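Structural description and commentary
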Amino acid sequence: MPLTLTRTEIVLSLAVLALALLAALAPPLAQHPHYHHFADQRAWLGIPCALDVLSNLPFALFGALGLHVLGRVPDLALVRPQRRLAALFFAGLLLTALCSAWYHWRPDDAGLVVDRLGMTVAFAGLLGLGVASHLRARAGMGVALAVLGLGGCSVLIWATTGNLLPWALLQGGGMALLLGLAVLPALPGALAVRWGLLIGIYALAKGLELADHAVFEFSGQLLSGHSLKHGVAAFAAWPVIRALHALGQNANQTTGAARI
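Being a predicted model, the structure only gives us computed values, none of them experimental.

1. Details of the overall build of the chain
Along its length, the chain carries eleven helices and zero strands. When the helices and strands of the chain are read in sequence order from the N terminus, they spell out α-α-α-α-α-α-α-α-α-α-α. In terms of its C-alpha atoms, the chain occupies a principal-axis envelope of roughly 60 × 45 × 25 Å. Residue pairs at least 24 apart in sequence account for 75% of intrachain contacts in the chain once pairs closer than 6 positions are excluded.

2. Details of the nonpolar core
Phe89, Phe90, Leu93, Leu178, Leu191, Val240 and Leu244 are the most contacted members of the largest nonpolar core, which totals 56 residues. When residues of this core are traced back to their parent elements, those giving at least two are α3 (57-71), α4 (80-105), α5 (109-134), α6 (137-161), α7 (165-182), α8 (195-210), α10 (225-235) and α11 (238-259). Looking at this core element by element, the count peaks at nine residues for α5. Excluding its chain neighbours within four sequence positions, the residues that come into contact with Leu93 are Phe59, Ala60, Phe62, Gly63, Ala122 and Ala237.

3. A look at the confidence of the model for the chain
Scored by pLDDT, the chain has a mean of 92; 95% of the residues are at 70 or more. Within the chain, the element-level pLDDT minimum falls on α11, averaging 79, and the maximum on α3, averaging 98.

4. Considering the packing of α4 against α5
Viewed as axis vectors pointing N to C, α4 and α5 meet at an angle of 160°, and their least axial separation amounts to 7 Å. Classed by the angle they form, the pair α4 and α5 counts as roughly antiparallel. In this structure, the crossing between α4 and α5 has a hand that is left-handed. In terms of residue class, the contact of α4 with α5 is made up of 18 nonpolar, nine polar and one charged.

5. A look at the side chain of His36
In this fold, His36 is placed in the loop between α1 (7-25) and α2 (50-54). For His36, a relative accessible area of 18% corresponds to the buried category. At a separation of 2.7 Å, a polar atom in the side chain of His36 contacts the side chain of Tyr103. Apart from the residues lying within four places of it in its own chain, the contact partners of His36 are Gln31, Tyr103, Pro107, Asp108, Asp109 and Leu112.

6. Quick word on the environment of Gly92
By the secondary structure assignment, Gly92 is in helix α4. Distance from Gly92 to Ala43, taken between C-alpha atoms, is 27 Å for residues 49 residues apart in sequence.

7. What about the pattern of salt bridges?
One pass over the full model with this rule turns up four salt bridges. As a salt-bridge pair, Arg42 and Asp40 come within 2.8 Å of each other at their nearest N and O atoms. Note on Arg42: relative accessible area 39%, which makes it partly exposed. For Glu209, the salt bridge identified is with Lys229, shortest N-O distance 3.8 Å. Taken together, the residues Glu209 in helix α8 and Lys229 in helix α10 connect sequence positions 20 residues apart. On the basis of relative accessibility, which here comes to 15%, the residue Glu209 falls in the buried class.

8. A look at α3
Look at α3: 21 Å from first C-alpha to last across 15 residues, which is about the 21 Å you get at 1.5 Å a residue. Taken as a whole, α3 has its buried residues at Phe59, Phe62, Gly63, Gly66, Val69 and Leu70. For α3, the angular spread of buried residues about the axis comes to 135°, placing them on one side. Seen from the open side of α3, the exposed residues pointing more than 90 degrees away from its buried face are Leu57, Leu61 and Gly71.

9. Some thoughts on the packing of aromatic side chains
Per the stated rule, a full pass over the model turns up four aromatic pairs. Ring geometry for Tyr35 versus Phe38: centroids 6.1 Å apart, planes at 70°, classification edge-to-face. Exposure remark for Tyr35: the relative accessible area of 24% places this residue in the partly exposed category. A residue is classified by how much of its surface remains accessible, and Phe38, at 7% relative accessible area, is buried. The interplanar angle of 80° and the centroid separation of 6.0 Å between the aromatic rings of Phe38 and Tyr103 together place this pair among those described as edge-to-face. Placement of the pair is Phe38 in the loop between α1 and α2 and Tyr103 in helix α4, with a sequence separation of 65 residues. Both residues of the pair, Phe38 and Tyr103, belong to the buried class. Every member of this aromatic cluster is reached through a ring pair, and the members are Tyr35, Phe38 and Tyr103. Sitting above the plane of the Tyr35 ring, Arg116 keeps its charged end 5.6 Å from the centroid. Taking NZ or CZ as reference, Arg116 lies 4.9 Å from the ring centre of Trp158, over its face.

The rules we used
Per chain, the residues get numbers from 1 upward, laid out in the order the sequence is written. This being a predicted model, a pLDDT of at least 70 is required before a residue's local features are given, and a value of 80 or more before pairs of side-chain atoms are given or counted; all residues contribute to the totals for chains, interfaces and linings. Side-chain measures were taken over the full set of non-hydrogen atoms in the model, leaving aside hydrogen atoms and water. A helix here means a DSSP run of H or I that spans at least four residues, while a strand means a run of E at least two residues long, and both kinds are numbered starting from the N terminus. Throughout, a residue-residue contact means that at least one pair of heavy atoms, one from each residue, lies within 4.5 Å. Take the buried residues of types Ala, Val, Leu, Ile, Met, Phe, Trp, Tyr and Cys, join any two whose side-chain atoms come within 4.5 Å, and each joined set is a nonpolar core. Buried means the residue's accessible area, taken with a 1.4 Å probe over protein chains only, is under 20% of the maximum for its type, while exposed means over 50%, and partly exposed covers the values in between. As a per-residue measure, pLDDT tells how confident the predictor is, with possible values from 0 to 100. Fitted lines through C-alpha atoms give the axes, limited to the stretch in contact for helices. The angle between two N-to-C directions lies from 0 to 180 degrees. Put simply, angles under 35 degrees are roughly parallel, angles over 145 are roughly antiparallel, angles from 65 to 115 are roughly perpendicular, and the rest are oblique. Left-handed describes a crossing whose near helix is turned anticlockwise from the far helix through less than a right angle; right-handed describes the clockwise counterpart. All residues other than Ala, Val, Leu, Ile, Met, Phe, Trp, Tyr, Cys, Pro, Asp, Glu, Lys and Arg, Gly among them, are scored as polar; the first ten of these are nonpolar and the last four charged. Polar contact criterion, stated in full: a pair of N or O atoms within 3.5 Å, where within protein one must be able to donate a hydrogen and the other to accept it, and residues adjacent in sequence count only if both atoms are side-chain atoms. Salt-bridge detection follows one rule: a side-chain nitrogen of Lys or Arg within 4 Å of a carboxyl oxygen of Asp or Glu. Here the expected length of a helix is defined as 1.5 Å per residue gap, with one fewer gap than residues. Directions from the helix axis toward the C-beta atoms define the arc. Each pair of aromatic rings taken from Phe, Tyr and Trp, with Trp reduced to its six-membered ring, is defined by centres within 6.5 Å and is described as stacked if the planes are under 30 degrees apart, edge-to-face if over 60, and tilted in the remaining cases. Two conditions define a charge sitting above a ring: the NZ of Lys or the CZ of Arg must be within 6 Å of the ring centre, and it must be within 35 degrees of the ring normal.

Listed below in structure tokens is the structure:
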């Protein structure tokens, strides 16, 4: 049976192709030469760059909490593709915690490759979940697979050529996609995630990252922008967890009422 694509899937495919062509044909983008020189390099208990390392703990906490809440959602309350994509997102948060802590222990290009590969997994799950919740489950799975593949390629391209543009386009294009999904209604029975709130949290995290040294000086060298960025970025998982919790509660209440 031939595979037929909906108009939405065709538009998504063309958008991915356009970004891939832009990444291949546009002038290369170099990473900042002092990218690894973070503001807070204080050690604690033998841990170098301690706060930048330990501030990744919220990623692990939200990842574990998300998997726990997901496991409590009844099977019939959430279609399998959305369940798998949510699990991929939360597993990606656990990987992000590990990979980012690894990188910040000794910041260098090799560690940054590991860091970005971990983020790619979480990003794939999140974008796929957004598409599956608002457009079509099959399209969501396709987007997740595309992000996993293209994300890995973009990290490899940066590691071998120094061109950061493919990675920047992946992140920017992904956030643009979520922004577009935020104005669309969720599909019947899908997760009602507050994507606008998630995007706002992500934007705040990026702002803190860019203001790493300024925040460190403003706080009297108490906390750096990058350390705060980790905690804020991890909190972006909360809208997804809250939506799952609400879905599970509604399903359990409906089941309970049916038994009365």
